[in-house]
Amino acid sequence: MEYIFHLAILIALFSIFAVSLDLVAGYTGLISVCQAAFYGIGAYTTALLMQNMGLNFFLALLAGMLLTGLVALILGLVFSKFKGDYYVLGTVAFTYIAYSVFINWQSLTGGPLGIPGIPRPELFGFSFSSSFSFLLLAVAFLGAVYVGARFIVSSPFGRVLRAIREDEEAISVFGYRTSFYKLLIFIISTMIAALGGGLLASYLTYIDPGTFSITESIFVLAIVVLGGLGSLRGPVLGALILVLLPEALRFVGFSPDIAAQMRVLIYGLLLVIMMRYRPQGLVGEYKL
Amino acid sequence: MDVLIQIILNSVIAGSIYALAAMGFNLIYGVSRSFNLAHGVFASVAVYAVFFLAVQHAILLPIAIALGIFVAVFLGYVLERSIFRPLRAKRASNLVLLIASLGASIVVEALIAIFFSSQFQTLSSVVPSFGAVRIFGGVLTGVQVVMIVSAPLVLALFWLMLSHTRFGKAVRAVSDDEEVAKIVGINTNAIIGVVFMIGAGVMGVAGILTGFDTGLDPRMGFLLLLGAAIASIIGGTGNVYGAFLGAFILGFAENFGVFFVSGEWKYAIAFSVLILFLLFRPQGILGKK
Amino acid sequence: MNYALQTKNLSKVFGGVHAVDHLSISILKGKITGIIGPNGSGKTTLTNVLTGFHEIDGGVVAVSAEKEHERINSYEVRSLGMTRTFQNIRVFEQMSVLDNILVVLTERGVFASLFQAHGAFHESQAQSVLMRVGLWEKRHENAANLSYGQRKLLEIARALAVNADIIFFDEPYAGLFPEMVKLVSTIMQELRDTGKTVVLIEHDMALIRELCDHVIVLEAGTLLAEGKPEEVLSNSKVIEAYLGA
């Protein structure tokens, strides 16, 4: 039972990451490969504030989201100059820079050793230390994220985002300063990712830079691509499949190291197959 | 003084390897108009083939090297035929090609890790020892000398090919405008296929040399690819000579940067250079606006 | 004379070549002005400069004789009372026909658009323009699934929706069936009758003759001739420019 809760929590957390990425990638057409860097900033901030300052999880989480939003604001001003392939490369670059900071700013982040012993959330004396209670918390947050994302994408703002994705120049001539739109959705997206990151840190009780490497950013992208860009059900479905599929391998009897590589193999292969045969993903509404 | 000389030498070594990686990458970009993020795997498969043959099966090194390069070229052909050509035929967008190539890249990387483990390994047991060379107080190993020599050599070969052969003329035509090239009767698919194989072969050489110089792990190809991509953007995408120039700029920026901060920040420095170029000169140094 | 738009010494240079070369023209308010000229004469470049797609390299643009602009950003075009269609169709392909219209009716501010209610007013506006071009039945289709002509009409509907004072039509007739051609002509005449300024870039001289009040002929980015259609089209310089090329 514990194991099932564990998987369900991972699915919920990766659904949050995937939904957050879909807001920029699927709805705005900005294929970003740096989502892990942002949930990393959220995770580190939350973890450090809880450990070093004894801050309550929910306050630490909020601080993590705000800091991430601030980084995204600055970075978004830079990224708004990029388009298409160059945008992708720019985001890859940021993932590496963030990873360098996580691993090299040892006095703060603990470097490659990471941060152990991160506490579980507590609220009014109740601790979410059991898997089941944490699952409820994660699902509640996923629900809130989903509703929020649904509100954004079905608002007129969301419609402008889709128009930016389709033809940024054409929509701008109708009076929209597209860079503001891109910046705002980028900030929203990274703050949602940071929310998931804080939850992840508290759930795992241990984080290290490897949790936020480019491989993880690509994994989140694979979830969205598999489930379907430009839909909100897609990322959740993708997270469900891509979290469970590698687990099946463990039952087949691969060693943990091989199983970890098999997981990478599977989502790499899925990226190729989806691009080749079904670029809109399983239930997606946007064809790259 | 000696420190400065050594930094310069290190910059030239890094620049040479990036140049080998970037020239092929950029030539492929020129004809296919999309970044091939799977370019790094050509380096990885070549060097792992050498590792498999020479270290694990004691096959003569020159034969192992030749086979290693062949494996890279063959993989170049396979990827082009199985992924890029069908996607081009579907008129898939650049982003589709980019994501598909990223997927292919991590598939090959994972396969290598599964068969050879993800641990760092060396070729030291079979590396030919030419002894060390001392220049102006700096030290170069034999392998590093080979690196420094092969980069301009390959550049010269590219120049000869592009400017003095019918094939090179066709490559330039496809780079300028694929549609027009098709109309005048150039088999663009064949040209792109051969360019992929050439680029893969040169990348294979870069991978093998890196393996001799430092060692190998499944990630090395992707890191070389990123160096190649940064160098190409610095120099000007699609331009082989620009890639060469960009590679040395990157090599110097990295090594001088590392001297002032510290070694761990190498990637942060490289990617900061990339972001600066994307911001202020996205067409690169030799690129036209 | 009442002008909707004037350019003074307007220039646009691409790689040393003047695509628009110190051009001074005036567009009459409430009239249909045709812009013609051989291929490469600078018609579309002029439209692109006026609608903020290209930076102005020299000279100024005066809209409604109020203010002279040395620079027009594409997002300012709407507030200057202008809109346009594109020579190569640029509808939002992977969005529904209705969304293609609603999106240009959205509030301009980022936050305003986030919390804007889906006004029934906008929906009725969208309905009326879509019905005008006969696409209301298709409102839930993706624009990508429409035929070429329908997408061209959708673009025209989108331009109508924003209720601009000056509308640039960049070769709106290319590839249309005869009944669609008639519809587009009627729409332009209606726009003129309601006081709008129409700028029509077109190759079909019969249409130019039929619709335009004033014709401007460009060659190599400069003004070759202008005047009433019948005068201009019988001008020997103009005939030469078209045939001599």
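Residues numbered from 1 in each chain as written. Chains lettered and ligands numbered in written order. Predicted model: local features only at pLDDT ≥ 70, side-chain atom pairs only at ≥ 80, totals over all residues. Heavy atoms only, no water.

1. Comments concerning the overall build of chain B
Helix and strand content of chain B: eleven helices and two strands. Put simply, chain B runs from its N terminus to its C terminus through helices and strands in the order α-α-α-α-β-β-α-α-α-α-α-α-α. Over its C-alpha atoms chain B spans a radius of gyration of 19 Å, differing by no more than 12% from the 19 Å that the globule rule assigns to 289 residues. Considering only C-alpha atoms, chain B reaches an extent of 55 × 45 × 35 Å along its principal axes. The long-range fraction of contacts in chain B, counting pairs at least 24 apart against all pairs at least 6 apart in sequence, stands at 76%. As displayed, chain B has an accessible area near 11,800 Å², and 69% of this comes from carbon and sulfur atoms. For chain B, the distance from the average site of its 16 positive side-chain charges to the average site of its 11 negative ones is 11 Å. (Helix = DSSP H or I, 4+ residues; strand = E, 2+ residues; numbered from the N terminus. Rg over C-alpha atoms; globule rule 2.2 N^0.38 Å. Contact = heavy atoms within 4.5 Å. Areas by Shrake-Rupley, 256 points an atom, 1.4 Å probe, with all protein chains shown as cover. Lys, Arg positive; Asp, Glu negative; His and termini not counted. Charge placed at Lys NZ, Arg CZ, Asp CG, Glu CD.)

2. Quick look at the packing of helix α4 (residues 84-104) of chain A against helix α4 (residues 94-116) of chain B
Put simply, α4 of chain A and α4 of chain B touch, their axes get as near as 9 Å, and they point 35 degrees apart. Counted together, Gly84, Asp85 and Val88 of chain A of α4 of chain A and Asn94, Leu95 and Leu98 of chain B of α4 of chain B form the full contact between these two elements. By residue class, the composition of the contact of α4 of chain A with α4 of chain B is three nonpolar, two polar and one charged. (Axes fitted to C-alpha atoms, helices over the stretch in contact; angles between N-to-C directions. Nonpolar A, V, L, I, M, F, W, Y, C, P; charged D, E, K, R; others polar.)

3. A look at the interface of chain A and chain C
The interface of chain A with chain C comprises 28 residues on the first partner and 33 residues on the second. Of the roughly 2,700 Å² buried between chain A and chain C, counting both surfaces, carbon and sulfur atoms make up 61%. Linking chain A with chain C are four salt bridges. Close ionic contact of aspartate 99 of chain C with arginine 162 of chain A constitutes a salt bridge, the shortest N to O distance being 3.3 Å. Here chain A and chain C share 13 residue pairs in polar contact (both at pLDDT 80 or more) between them. Of all the secondary structure elements, the ones that give two or more residues to the side of chain A that touches chain C are α6 (131-154), α7 (156-172) and α8 (178-204) of chain A. No other element matches α7 of chain A, which puts 13 residues into the side of chain A that touches chain C. Here the residues of the side of chain A that touches chain C are counted per class, giving 15 nonpolar, four polar and nine charged. (Buried area = accessible area lost by both parts, 1.4 Å probe. Salt bridge = Lys/Arg side-chain N within 4 Å of Asp/Glu carboxyl O. Polar contact = N/O pair within 3.5 Å; in protein donor to acceptor, adjacent residues only side chain to side chain.)

4. Here's the deal with the pattern of salt bridges
Evaluation of the coordinates by the stated rule reveals 21 salt bridges over all chains. In this structure, arginine 165 of chain A and glutamate 166 of chain A form a salt bridge, with 3.0 Å as the shortest nitrogen-oxygen distance. Arginine 165 of chain A gets classed as buried once you look at its relative accessible area, which sits at 11%. Taking relative accessible area as the criterion, glutamate 166 of chain A reaches 18% and is therefore assigned buried. Notably, a salt bridge pairs aspartate 170 of chain C with arginine 84 of chain C, separated by 3.9 Å at the nearest N-O pair. Of this pair, aspartate 170 of chain C sits in strand β8 (residues 166-170) while arginine 84 of chain C sits in strand β7 (residues 82-84); the two residues are 86 residues apart in sequence, bridging distant segments of the chain. Judged by relative accessible area, aspartate 170 of chain C falls into the buried class, the value being 1%. Using a relative accessible area of 1% as the deciding quantity, one classes arginine 84 of chain C as buried. (Buried < 20%, exposed > 50% of the residue type's maximum accessible area, 1.4 Å probe, protein only.)

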